[in-house]
Amino acid sequence: MVQYPQSPLMGRMMSQPLLISSLIHHADRYYPTTEIVSRRVEGDIHRYTYRDCHRRSRQLANALKKLGVVMGDRIATLAWNGYRHLEAYYGVSGSGAVLHTINPRLHPEQVAYIANHAEDQYLMFDMTFLPVIEAVAAHCKTIKGFIALCDRDRMPADSKIANLMCYEELIAAESDQYEWPLFDENSASSLCYTSGTTGNPKGALYSHRSTLLHSYASALPDALNVSARDVVLPVVPMFHVNAWGLPYSVMLTGAKIVFPGPALDGKSLYELFEQEKVTFSAGVPTVWLGLLTYVGQNKLTFSSFKRTVIGGSACPPAMMKTLRHDYGVEVVHAWGMTEMSPLGTSCTLLAKHENLPEEQKQAKLEKQGRAIFGVDMKIVDDDGKELPWDGKTYGNLLVKGPWVVDGYFKSEGGDVLENGWFPTGDVAVIDDEGYLQITDRSKDVIKSGGEWIGTIDLENIAVAHPAVLQAACIGVAHPKWDERPLLVVVKKPGADVSKEELIQFYEGKIAKWWTPDDVVFAEALPLGATGKILKNKIRETYRDYKLPTA
Ligand code: ADP
């Protein structure tokens with residue numbers, strides 16, 4: 001960590017470390033009756049308040065102390081979005097230990113790899129994941145015990161897992177008297193591994209300071225815009241970059257929070273949105289597909305849902321338009337990554353855009369947006385030279401800021417910074433008003449005749465076709481051009497469209513030479529553990545595909 005010089009004249013402000021425990025202390029003191037509502041793994045709805053959550057988080061902190069957990073120890077979770085997971089967020093980090101949220105959708109081998117790499121001491125899990133625990137327990141060398149997030153009567157009768165404990169029993173035995181310790185704000189607070197689409201997963205190790213600063217910034221009106229008048233339903237999982245920081249920003253602002261648990265299908269989500277009067281939600285584009293299909297098929301409307309942040313992968317303009325025009329839901333397109341806690345940019349208009357024609361406003365809103373204060377960004381060429389912000393020159397995107405990693409946990413991957421900047425692996429353009437537009441991940445860009453073709457634009461056009469549910473564009477080997485685009489399409493149920501019609505659909509929308517050379521239809525697209533389309537899998541499937549132009 002870089003040390004900076006001290007001025008001979010230091011300010012006279014209280015020295016108070018920025019700690020995660022201060023968030024729950026604040027929520028308890030100022031919003032004691034604000035609700036936390038969870039759909040449990042058991043299927044029922046559980047509700048309690050910030051004060052209750054604070055009390056149980058302190059009981060958990062006492063329980064961890066009794067188990068011998070000390071500052072810096074990693075405590076893993078394998079859990080859905082729910083109140084017990086929230087208690088772990090505060091009980092673990094607040095007491096100085098490190099919350100390690102593991103993505104349960106990963107292959108068990110990867111779960112074991114991550115748990116061993118992190119040297120987790122205990123693992124807390126929802127009963128849904130008992131089979132994963134049974135598969136990995138013997139391989140997790142450092143784990144001293146497994147804590148099932150359930151009541152006693154839900155515990156498995158004949159489990160072979162060594163040292164299996166019941167969460168409710170564990171905390172019931174503890175006092176709710178606990179003083180959150182004060183310590184250096186740069187101490188590690190939580191750990192999240194990138195999904196490792198290439199190579200082994202690498203850990204982003206957040207600090208209390210980075211988490212608090214990210215919470216302040218993410219709650220700003222042009223970012224997530226969370227307030228005490230909101231009812232927030234994070235669809236984005238608490239095991240994916242801390243649900244984009246929402247479990248922290250709701251405590252900071254006093255918003256009510258609603259957790260969907262494992263029920264992420266359209267019907268369950270819709271019912272929860274309506275019952276709890278949800279105003280704000282956040283998730284990756286693929287999760288909205290299910291909800292929108294359900295709402296569309298049943299001709300339903302939203303009575304309270306006003307705003308959603310969509311990010312994690314490019315939000316197709318067609319989805320944005322449906323939410324905005326058909327359901328009156330404002331969509332804020334955001335960009336970030338695990339290494340950035342995750343928020344980097346969010347897209348809202350400036351005052352001067354107010355009177356722009358509708359299509360120009362829409363074009364602006366489809367971009368990934370402006371940097372949130374705290375994050376700085378630039379685009380550079382392959383020699384590291386900064387490129388202009390003219391809306392058309394594209395380059396490698398670099399970022400820096402107090403919630404951006406300066407390296408990975410245990411220095412995995414070595415020195416990652418380039419002159420103090422973190423290379424995101426994304427290719428982007430920035431316009432003269434500072435709006436970022438991601439054209440692709442550098443590994444997904446199609447290199448055709450020495451020029452680059454960004455696949456996001458090609459996919460956005462395809463999903464704007466009424467018969468298309470999902471689309472992915474990949475580069476396929478071509479004898480003359482190196483690579484040419486192949487479009488892989490999943491049709492909407494009951495809809496039909498031909499190859500030729502789809503290729504025709506690109507006419508006038510894009511430079512002619514960007515048009516996909518061919519289209520294949522698939523039943524489904526492979527999704528990764530965070531709900532994103534796995535381009536590398538698709539590339540593998542079509543590695544030997546013979547394009548008609550080849
Ligand atoms: P991974 O999927 O590698 O584990 P993340 O979930 O952190 O990592 O994903 C970060 C990446 O997701 C970004 O680098 C970028 O490529 C992509 N991404 C995130 N948000 C957007 C967006 N709004 N538009 C396009 N791409 C996005």
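Criteria and cut-off values
Residues numbered from 1 in each chain as written. Predicted model: local features only at pLDDT ≥ 70, side-chain atom pairs only at ≥ 80, totals over all residues. Heavy atoms only, no water. Near = heavy atom within 4 Å. Polar contact = N/O pair within 3.5 Å; in protein donor to acceptor, adjacent residues only side chain to side chain. Areas by Shrake-Rupley, 256 points an atom, 1.4 Å probe, with all protein chains shown as cover. Salt bridge = Lys/Arg side-chain N within 4 Å of Asp/Glu carboxyl O. Helix = DSSP H or I, 4+ residues; strand = E, 2+ residues; numbered from the N terminus. Buried < 20%, exposed > 50% of the residue type's maximum accessible area, 1.4 Å probe, protein only. 1 Å grid on protein atoms, 1.4 Å probe; cavity = no way out; pocket = protein on both sides within 12 Å on 5 of 7 lines; lining within 4 Å. Points joined across faces, edges and corners; volume = space filled by probe spheres on them. Nonpolar A, V, L, I, M, F, W, Y, C, P; charged D, E, K, R; others polar. Axes fitted to C-alpha atoms, helices over the stretch in contact; angles between N-to-C directions. Parallel < 35°, antiparallel > 145°, perpendicular 65-115°, else oblique. Left-handed = near helix turned anticlockwise from the far one by under 90°. Contact = heavy atoms within 4.5 Å. Phe/Tyr/Trp six-rings, centres within 6.5 Å; stacked < 30°, edge-to-face > 60°. Lys NZ or Arg CZ within 6 Å of the ring centre and 35° of its normal. Pairing = 2+ DSSP bridges. Right-handed = clockwise from strand over helix to strand, strands pointing away.

Trainee: Can you walk me through the site of the ligand in this structure?
Mentor: If you check the shell around the ligand, you find 17 residues, and the closest are S195, A334, T338, D426 and K532. A distance of 3.2 Å separates a nitrogen atom of the ligand from a polar backbone atom of A314. Within the side chain of H333, an N or O atom sits 3.1 Å from a nitrogen atom of the ligand. For the ligand, the accessible surface in isolation is 570 Å², of which the surrounding protein chains cover 92%.

Trainee: Can you walk me through the pattern of salt bridges in this structure?
Mentor: For side chains bearing opposite charge, pairing can occur when the charged atoms are close. Tallied over the full model, the rule gives 30 salt bridges. The partner of E35 in a salt bridge is K256, and the shortest N-O contact between them spans 3.6 Å. Of the two residues, E35 is situated in strand β1 (residues 35–39) and K256 in strand β11 (residues 256–259); the sequence distance between them amounts to 221 residues. Given a relative accessible area of 14%, K256 falls into the buried group.

Trainee: Where do I start with helix α9 (residues 246–253) in this structure?
Mentor: An α-helix turns once every 3.6 residues. As a result, residues three or four positions apart point the same way. Along α9, eight of the eight residues are buried, which leaves the element largely enclosed by surrounding structure. Residues of α9 that are buried include every one of L246, P247, Y248, S249, V250, M251, L252 and T253, and no others. G254, located one to two residues past α9, shows a positive phi value of around 85°.

Trainee: Where do I start with empty space enclosed by the protein in this structure?
Mentor: Gaps left between atoms are located by rolling a probe of water-molecule size over the structure's atoms. A full pass over the atoms with the stated rule returns three cavities of 30 Å³ or more. In this structure, the largest cavity occupies an estimated 130 Å³ of space. What lines the largest cavity is a set of 16 residues, and nearest its centre among them are R40, V41, G82, R84 and D126. Element by element, the count of residues in the lining of the largest cavity is highest for helix α3 (residues 83–94), at three residues. Its residues assigned to classes, the lining of the largest cavity shows six nonpolar, five polar and five charged. Approximately 60 Å³ is the volume attributed to the second largest cavity. Around the second largest cavity sit Y206, T211, H214, N242, G245, Y248 and S341, which together line it. Its residues assigned to classes, the lining of the second largest cavity shows two nonpolar, five polar and no charged.

Trainee: It is not clear to me how the packing of helix α1 (residues 21–30) against α9 should be interpreted in this structure. Could you clarify?
Mentor: When two helices pack together, their arrangement is given by the angle between their axes and by how far apart the axes lie. The interhelical angle for the contact between α1 and α9, taken along N-to-C directions, is 45°, at an axis separation of 7 Å. Taken together, the axis directions place α1 and α9 in an arrangement best described as oblique. When the axes of α1 and α9 are compared, the crossing they make is left-handed. Across the interface between the two elements, L23, I24, H26 and A27 of α1 pack against Y248, M251 and L252 of α9.

Trainee: Could you clarify how one ought to interpret the packing of aromatic side chains in this entry?
Mentor: Any aromatic ring pair is given by two values, namely how distant the centres are and how the planes are angled relative to each other. Under the definition given, this model contains 15 aromatic pairs. When the centroid spacing of 4.7 Å and the interplanar angle of 70° are considered together, the rings of F273 and F305 count as edge-to-face. Here F305 lies in the loop between α11 (285–297) and β13 (307–310) and F273 lies in helix α10 (residues 266–275), a separation of 32 residues in the sequence. Exposure class is identical for F273 and F305. Each is buried. Centre to centre, the rings of Y542 and Y545 are 6.0 Å apart; their planes meet at 75°, and the pair counts as edge-to-face. Classification of Y545 as partly exposed rests on a relative accessible area of 22%. Grouped by ring-pair contacts, the aromatic residues Y270, F273, W288, Y294, F302, F305 and Y327 constitute a single cluster. In this structure, K364 packs its charged tip against the face of Y435, placed 4.3 Å from the ring centre. Above the face of the F521 ring, K491 is positioned so that its terminal group lies 4.4 Å from the ring centre.

Trainee: Looking at this structure, I do not really get unusual backbone geometry. What am I missing?
Mentor: Most of the time, phi is negative for any residue but glycine, and the peptide bond is trans. Put simply, S341 and P342 share a cis peptide bond, and its omega is 5°. Within the secondary structure layout, P342 lies in the loop between β14 (330–336) and β15 (343–346). Of note in this structure, N225 is not a glycine but carries a positive phi near 60°. Counting through the fold element by element, N225 comes out in the loop between α7 (208–218) and β10 (231–234).

Trainee: What's the story with the pairing of β13 in this structure? I'm lost.
Mentor: In the case of a regular strand, side chains alternate between the two sheet surfaces. Side chains R307 and V309 project from β13 onto one buried face, and the interleaved T308 and I310 project onto a second face that is buried too. The pairing of strand β12 (residues 280–283) with β13 spans four bridges and is classified as parallel. Paired with A282 across the strands is V309, a residue of β13. The handedness of the β12 to β13 crossover, carried by α11, is right-handed. With four bridges joining them, β13 and β14 adopt parallel strand pairing. Bridging across to β14, I310 finds its partner in H333. What joins β13 to β14 is helix α12 (residues 317–327), and the crossover it makes is right-handed.

Trainee: Explanation requested: the sheet that holds strand β5 (residues 122–125) in the structure shown.
Mentor: The strands that make up a sheet pair up through hydrogen bonds in the backbone, lying either parallel or antiparallel. The mixed open sheet is built from seven strands, whose spatial order is β7-β6-β5-β3-β4-β8-β9. Strands at the two margins of the open sheet, each flanked by one partner only, are β7 (164–166) and β9 (203–207). Neighbour-to-neighbour, the strand axes of the sheet open up by a mean angle of 25°, direction not taken into account. When strand β8 (residues 188–193) meets β9, the two strands line up antiparallel, connected through five bridges. Bridged to L191 within β9 is L205. The sheet contacts of α3 involve β3 (74–78), β4 (98–101), β5 and β8, and relative to β4 the element is tilted by about 145°.

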